[in-house]
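Each chain is listed here by its residues.
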Amino acid sequence: MEGMYEERLTVPRSWWLLSVALGLSLALILLRFSGMAALVGLVVGVAAGAAALSSYGSARIRVVQGSLVAGQARVPVSALGAAEVLNPKEAVAWRSVKADPRAFMLLRSYVPTALKVEVTDPADPTPYLYLSTRSPQKLADALAGAAAGRGAERGAARER
């Protein structure tokens, strides 16, 4: 069941204009020194802005090999409980007024929907995972499938 779900949380296309704006701003600031400095500022500003946006938008969510991998976190599916699909209104509430400071949040404000997954491991102080995702139902289904697969594997191992 390898590679059951994978999503990359890329920034919206319109945000790439921020890189151009950064480059133009830097070029205007450096224009007073020389045209060459302005050109260097334009190139450096666009490159730096693009690198920052690419880094911010490189967060991935995967369900693979019996684990949920979300950003830097890797949680075995066996340590997860119920998954709740959050519509845009509920997602805003769970990342603001309802948020628990102990929760793991892979939050991207430009993604309107999310999935809230309960953590059932008693040794883990994290009450739930909040995952910004464009396909919360698909992610919930993948987690349920991975959990069912792990249960079937354990059952088969016991029968041997």
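Parameters at a glance
Residues numbered from 1 in each chain as written. Predicted model: local features only at pLDDT ≥ 70, side-chain atom pairs only at ≥ 80, totals over all residues. Heavy atoms only, no water. Helix = DSSP H or I, 4+ residues; strand = E, 2+ residues; numbered from the N terminus. Rg over C-alpha atoms; globule rule 2.2 N^0.38 Å. Buried < 20%, exposed > 50% of the residue type's maximum accessible area, 1.4 Å probe, protein only. Core = buried A, V, L, I, M, F, W, Y, C linked by side-chain atoms within 4.5 Å. Contact = heavy atoms within 4.5 Å. Patch = residues over 30% accessible without salt bridge, like charges linked within 9 Å, V, L, I, M, F, W, Y side chains within 5 Å. Areas by Shrake-Rupley, 256 points an atom, 1.4 Å probe, with all protein chains shown as cover. Salt bridge = Lys/Arg side-chain N within 4 Å of Asp/Glu carboxyl O. Pairing = 2+ DSSP bridges. Axes fitted to C-alpha atoms, helices over the stretch in contact; angles between N-to-C directions.

S.K.: It is not clear to me how the overall build of the protein chain should be interpreted in this structure. Could you clarify?
M.R.: When helices and strands are tallied, the protein chain shows 4 helices and 8 strands. The N-to-C order of helical and strand elements in the protein chain reads β-α-α-β-β-β-β-α-β-β-β-α. Whereas a compact globule of 160 residues would reach a radius of gyration of roughly 15 Å, the protein chain reaches 21 Å, over 25% beyond that. When its C-alpha atoms are laid out on the principal axes, the protein chain stretches across 75 × 40 × 25 Å. Put simply, the protein chain has 160 residues, and 35% of those count as buried.

S.K.: When you look at the nonpolar core in this model, what are you seeing that I'm missing?
M.R.: Considering soluble globular proteins, one finds that nonpolar side chains tend to be buried as a cluster. Grouped together as the largest cluster of nonpolar side chains are 26 residues, with contacts concentrated most on Ile61, Leu68, Leu139 and Leu143. In contact with Leu68, other than residues within four places in its own chain, are Ile61, Arg62, Val63, Ala73, Arg74, Val75, Val77, Leu80, Leu129, Leu131, Leu139 and Leu143. Counting 7 residues, the second-largest nonpolar core is a separate cluster that includes Leu86, Ala91, Trp94 and Tyr130.

S.K.: Sorry if this is basic, but what is going on with a nonpolar patch on the surface here?
M.R.: Taken together, the side chains of Met36, Leu39, Val40, Val43 and Val44 present a nonpolar region at the surface, about 460 Å² in accessible area. The topology assignment puts Leu39 in helix H2 (residues 35–56).

S.K.: I keep staring at the sheet that holds strand S2 (residues 60–64) and nothing clicks. Help me out?
M.R.: The strands making up a sheet associate through backbone hydrogen bonding, with each pair oriented either parallel or antiparallel. Read across the sheet, 4 strands follow the order S1-S2-S3-S4 without closing on themselves; strand pairing throughout is antiparallel. Two strands bound the open sheet, and with one partner strand each, they are strand S1 (5–8) and strand S4 (73–76). Shown here is a sheet whose adjacent strand axes are inclined to one another by a mean of 10 degrees, direction ignored. Looking at chain direction, S1 and S2 are connected through 4 bridges and run antiparallel. Bridging across to S2, Tyr5 finds its partner in Val63.

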